Amino acid sequence: MYSPIKYNFDDKSDKEKSADVTLTQKALTHLITVTSNELDETNKNLEKIIAKKTAQLQKKIEELEYTSKVKSEFLATMSHEIRTPLNAILGFSKLLKEDEKSEDKKKKFNIIESSGNSLLALINDILDFSKIENGRVEVEQVVFMTKEPFKEVITMFEHSAQEKKISLHNTFSKNIPKYFIGDVNRIKQIAVNFISNAMKFTDSYGSVAADLSFDEKKQILKFNVIDTGVGIDANNLGKVFQSFTQEDNSTTRRFGGTGLGLSISKALVEIMGGEIAVESKRGEGSIFSFTLPASEITDECVVSSTNTLSVDLEKKIYSKVLLVEDNKTNQLLIDAILNDLELEIDVVENGQEAVSMFEKNDYDIILMDENMPVMSGMEAIKIILELERDKGLKHTPIVALTVNALSTDRERFLNAGMDEFVPKPIYSDLLISILHKFLIS
């Protein structure tokens, strides 16, 4: 058996000690060099991996952006192609109904309007969902009379409530502020979704009640819609605000719809700083509600608020109008809407013709479509505004007429130099009121 060898550094001579130290230093230097080289190699490999992953991620982002762009363009095109004929259907049915004496025919026109509006609501839901999904929804902050939009929504459903024999009524608490600041159109949209659902899921001889109240302590406006409809199972309550989802498949088969209305409503309420809620029991009805935070209303806010619709729509207008519209049916419709106003109307079919007519004539207002062959409305507007600046001409008001609710909204047109925006389908009262706004001083 071997005995362990004892090594004592102190027993070595200085020369031997120096040699050992030198050897140790060389070994350490070599180890450091090898380690450093290995680290450099590892870093290079990591850099390659990171660069590869970054490139892959960038490619995915570009693919997603391209997909989103294609989807947006498709939805914009779909909107244009569907809204153009729908504009004519709704517009002419309304005009024909106004002149009709037969009650039986009026009922048939009501069916056409109702069906057209249902189709329009589906289109709007899809477009709104796409905007929300892409984070492109903006809300306005304007002053309006608090009760008015809710009264208007109730009025919209009075006829269908009578036909279905449903009791429809609304109440307002006494302490509701006279004015409110918010996006009145989005608020109406949510209220319409609530009441439309309540009407849809409530059988004949049932009731739908809308209630608007104000919590002074919390400074919150609350809107409830209470129905005696079919109700919702407790385990399905969480589904009602999900996109493309209804309570179950039987609900979709029986009542129809995209399942987007409440999802959109929830997103809009939250964007406006409010909350949405539902209470329901199967067979006992439902209560849908949303709240919105109130802002302080000053006299200055009220004075600065504009209400362009409070005009006498029967008042005659003696003015010269340039209508730029490539669709023959829409030309006939707009001409029919404006027929009683004694306007002199020139009609052209594209932006290039509009610029040419603008240079030759003096117009009091221009009604400009956006999507046209040869030259678009936006291109024509740019040239017209340049001509006004270069020649020192008085500005001619320009009103956009468009079906492109997704890609060309009000803000974009106003930023381009247009003065007002009328979406298609065109409602005669809105178009006439805007004409009054610009043509009657």
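A brief look at the structure comes next. In this text, all values refer to a predicted model and were calculated from it rather than measured experimentally.

### So, the packing of helix α9 (residues 351-360) against helix α10 (residues 377-391)
Two numbers describe how α9 lies on α10: the axes approach to 9 Å, and their chain directions differ by 20°. Overall, the two elements α9 and α10 adopt an arrangement that is roughly parallel. Every pair of crossing elements has a handedness; the one defined by α9 and α10 is right-handed. In this structure, α9 uses G351, V355, F358 and E359 to contact α10, whose residues at the interface are A380, I383, I384, L387, E388 and K391. Tallied by class, residues from the contact of α9 with α10 come to six nonpolar, one polar and three charged.

### Some thoughts on the nonpolar core
One finds F150, I187, F194, I195, F223, F288 and F290 to be the most contacted residues of the largest nonpolar core, which totals 39 residues. The set of elements that each furnish at least two residues to this core consists of α3 (148-164), α4 (184-200), β4 (207-215), β5 (220-227), α6 (261-271), β6 (275-281) and β7 (285-293). Here this core takes eight residues from α4, the largest share from any one element. Look past the residues within four positions of I187 in its chain and what remains in contact with it is F144, F150, F180, M272, F290 and L292. Counting residues in each nonpolar core, the second largest holds 22 residues, with F358, I381, L387 and F413 among its members.

### Let's talk about the packing of helix α8 (residues 328-338) against helix α12 (residues 428-439)
Where α8 meets α12, the axes come as close as 10 Å, and the angle between the chain directions of the two elements is 65°. With respect to α12, the element α8 is oriented roughly perpendicular. You can see that α8 and α12 cross each other, and the crossing is right-handed. Only S428, L431, I432 and L435 of α12 make contact with α8, whose side of the interface consists of I334, I337 and L338. Considering only residue class, the contact of α8 with α12 consists of six nonpolar, one polar and no charged.

### Focus: the packing of aromatic side chains
Applying the stated criterion across every chain, the model contains five aromatic pairs. A centroid spacing of 4.8 Å and a plane angle of 35° characterise the contact between F150 and F223, whose relative ring orientation is tilted. Of this pair, F150 sits in helix α3 while F223 sits in strand β5; the two residues are 73 residues apart in sequence, bridging distant segments of the chain. A single burial state applies to F150 and to F223, both of which are buried.

### Here we look at the sheet that holds β6
Taken together, five strands build an open sheet; the order of strands is β2-β4-β5-β7-β6 and the sheet is mixed. The sheet is open, and its two borders are formed by β2 (167-172) and β6, each paired with just one other strand. Neighbouring strand axes in the sheet, compared pairwise and without regard to direction, differ in orientation by 10° on average. Pairing of β2 with β4 involves six bridges; the strand directions are parallel. Considered in β4, the bridge of H169 is made with A209. Most of the contacts of α3 go to β2, to which it runs at about 165°, and overall it touches β2, β4, β5 and β7.

### Focus: the sheet that holds strand β8 (residues 320-324)
Pairing is parallel in the open sheet, where five strands are placed in the order β9-β8-β10-β11-β12. Because the sheet does not close on itself, it has two edges, and the strands there are β9 (344-348) and β12 (420-423). Within the sheet, the average angular offset between the axes of one strand and its neighbour, ignoring direction, is 20°. The pairing of β8 with β9 spans five bridges and is classified as parallel. For L323, the partnering residue across the bridge sits in β9 and is V347. Across the sheet, α8 lies against β8, β9, β10 (365-369) and β11 (398-402), angled at about 170° from β9, the strand it touches most. Contacts from α10 reach β10 and β11 within the one sheet, and its direction differs from that of β10 by about 150°.

### Remarks on the side chain of T146
Relative to the elements of secondary structure, T146 occurs in the loop between β1 (142-145) and α3. Here Y179 takes part through its backbone oxygen, which lies 3.3 Å from a polar atom of the side chain of T146. Once residues lying within four places of it in the same chain are set aside, the contact partners of T146 are I176, P177, K178, Y179, F180, L212 and L221.

Rules used in this analysis
- Numbering of residues starts from 1 in each chain and follows the order in which that chain's sequence is written.
- Restriction of local features to residues with pLDDT of at least 70 applies here, the model being predicted, together with a cutoff of 80 or more for giving and counting side-chain atom pairs; totals for whole chains, interfaces and linings are based on all residues.
- The side-chain quantities take in all heavy atoms of the structure and omit both hydrogens and water.
- Helix axes are fitted to C-alpha atoms over the stretch in contact, other axes to C-alpha atoms as well, and angles between N-to-C directions run from 0 to 180 degrees.
- Only DSSP runs of H or I covering at least 4 residues are called helices, and only runs of E covering at least 2 are called strands; the numbering of each starts at the N terminus.
- Should an angle fall under 35 degrees it is taken as roughly parallel, and over 145 as roughly antiparallel, whereas 65 to 115 is taken as roughly perpendicular and any remaining angle as oblique.
- Helix crossings are classified by the rotation of the near helix relative to the far one: an anticlockwise turn of less than a right angle makes the crossing left-handed, while a clockwise turn makes it right-handed.
- Residue contacts are defined here by distance: any two heavy atoms, one from each residue, within 4.5 Å place the two residues in contact.
- The residue classification treats Ala, Val, Leu, Ile, Met, Phe, Trp, Tyr, Cys and Pro as nonpolar and Asp, Glu, Lys and Arg as charged. All others, Gly included, are polar.
- Put simply, buried Ala, Val, Leu, Ile, Met, Phe, Trp, Tyr and Cys residues joined by side-chain atoms within 4.5 Å make one nonpolar core.
- Buried means the residue's accessible area, taken with a 1.4 Å probe over protein chains only, is under 20% of the maximum for its type, while exposed means over 50%, and partly exposed covers the values in between.
- Paired rings are identified among Phe, Tyr and Trp, the last through its six-membered ring, by centres lying within 6.5 Å, and are further divided according to the angle between planes into stacked (under 30 degrees), edge-to-face (over 60) and tilted (the rest).
- Two strands qualify as a pair provided that DSSP identifies no fewer than 2 bridges between them.
- Pairs of N or O atoms are called polar contacts if they sit within 3.5 Å, as long as, within protein, a hydrogen donor faces a hydrogen acceptor (for residues adjacent in sequence, only side-chain-to-side-chain pairs).

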